[in-house]
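# Analysis of the macromolecular model
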Amino acid sequence: VGFVCSMSSRYTTTASVPIKFPRVTRNDGNGYSNQTGIFTAPVGGLYHFYWSLLTYASKPVAIDLKHNGNLVGRAYFQGLPRYESTSNNLYLRLNKYDKVYLQANGDGGVIHKNLYTIFGGELIRY
């Protein structure tokens, strides 16, 4: 079970809305929905999640990893007028049907399209 997705166009963040990564290159177990931006665990176990994003001239904004609506991880952009990247990763124990997604906690951050902007996760152990 695992997924990897990326941006296919420039994306402007909206607070409190899951970020949708439309380009899905791997979706073993069909847990990730590019329509909602949400990964739903098809089986319980220990998962590893990672995200990396590139921006240019955006406002300061944090990109949060949410587990069933609760903040569990964060990566931050300062909003400098130059290319800026941020990334993070963590391990989570999920139950079947738990939901994990990225969400901005600020409006107006511009995330660029490319393979530097990815979100992924994989089952490590049942």
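- An unreviewed UniProt entry annotates the chain as C1q domain-containing protein of Pinctada imbricata.
- Checking UniProt for the chain, the heading Subcellular location (unreviewed entry) contains the comment "Secreted".

### Considerations on the packing of aromatic side chains
- One pass over the full model with this rule turns up 9 aromatic pairs.
- Taken together, a centroid distance of 5.8 Å and an interplanar angle of 70° make the contact between Phe39 and Phe49 edge-to-face. One end of the pair, Phe39, is in strand β5 (residues 38–40); the other, Phe49, is in strand β6 (residues 45–56), and 10 residues separate them in sequence. Here the two residues Phe39 and Phe49 agree in accessibility, since each one is buried.
- Taken together through their ring pairs, the aromatic side chains of Phe3, Phe21, Tyr32, Phe39, Tyr47, Phe49 and Phe119 make up a single cluster.

### Describing the pattern of salt bridges
- Overall, the coordinates contain 3 salt bridges when judged by the stated rule.
- Salt-bridge contacts for Arg26 lead to Asp28; the nearest nitrogen and oxygen are separated by 2.9 Å.
- For Asp28, a relative accessible area of 40% corresponds to the partly exposed category.
- Of the charged contacts, one joins Glu122 and Arg26 as a salt bridge, the two residues approaching to 3.8 Å between their closest N and O atoms. Taken together, the positions of Glu122 in strand β12 (residues 118–125) and Arg26 in strand β3 (residues 23–28) put the pair 96 residues apart, joining distant regions of the chain.
- For Glu122, a relative accessible area of 27% puts it in the partly exposed group.
- Connected through shared salt-bridge partners, Arg26, Asp28 and Glu122 make up one network.

### Observations regarding the side chain of Thr55
- Examined against the element boundaries, Thr55 turns out to sit in strand β6.
- Setting aside residues no more than four positions away along its own chain, Thr55 makes contact with Phe77, Arg82, Tyr83, Glu84, Val110, Ile111 and His112.

### Observations concerning the sheet that holds strand β10 (residues 99–104)
- The 5 strands are arranged β4-β5-β10-β7-β8 in an open sheet whose pairing can be described as antiparallel. Two strands close off the open sheet at either side, each with one partner strand: β4 (32–33) and β8 (70–77).
- Sheet topology places β4 next to β5; 2 bridges connect them, and they run antiparallel. Note on β5: the bridge partner recorded for Ser33 is Ile38.

### Focus: the nonpolar core
- Ranked by size, the top nonpolar core spans 27 residues in total, and within it Phe21, Phe39, Phe49, Trp51, Ile63, Leu65 and Phe119 carry the most contacts.
- For this core, the secondary structure elements donating two or more residues are β1 (2–6), β6, β7 (61–67), β8, β9 (83–94), β10 and β12.
- When residues of this core are assigned to their parent elements, the largest contribution, 4 residues, is made by β6.
- Those residues in contact with Phe21 that sit more than four places away from it in its chain are Cys5, Ser6, Met7, Tyr32, Asn34, Leu53, Leu102, Thr117, Ile118 and Phe119.

### Re the environment of Lys96
- Looking at the secondary structure, you find Lys96 in the loop between β9 and β10.
- Ignoring any residue separated from it by four or fewer positions in sequence, one finds Lys96 in contact with Ala41, Pro42, Val43 and Gly44.

Rules and cut-offs
Residues numbered from 1 in each chain as written. Predicted model: local features only at pLDDT ≥ 70, side-chain atom pairs only at ≥ 80, totals over all residues. Heavy atoms only, no water. UniProt positions renumbered as here; feature names shortened; annotations may be inferred. Phe/Tyr/Trp six-rings, centres within 6.5 Å; stacked < 30°, edge-to-face > 60°. Helix = DSSP H or I, 4+ residues; strand = E, 2+ residues; numbered from the N terminus. Buried < 20%, exposed > 50% of the residue type's maximum accessible area, 1.4 Å probe, protein only. Salt bridge = Lys/Arg side-chain N within 4 Å of Asp/Glu carboxyl O. Contact = heavy atoms within 4.5 Å. Pairing = 2+ DSSP bridges. Core = buried A, V, L, I, M, F, W, Y, C linked by side-chain atoms within 4.5 Å.

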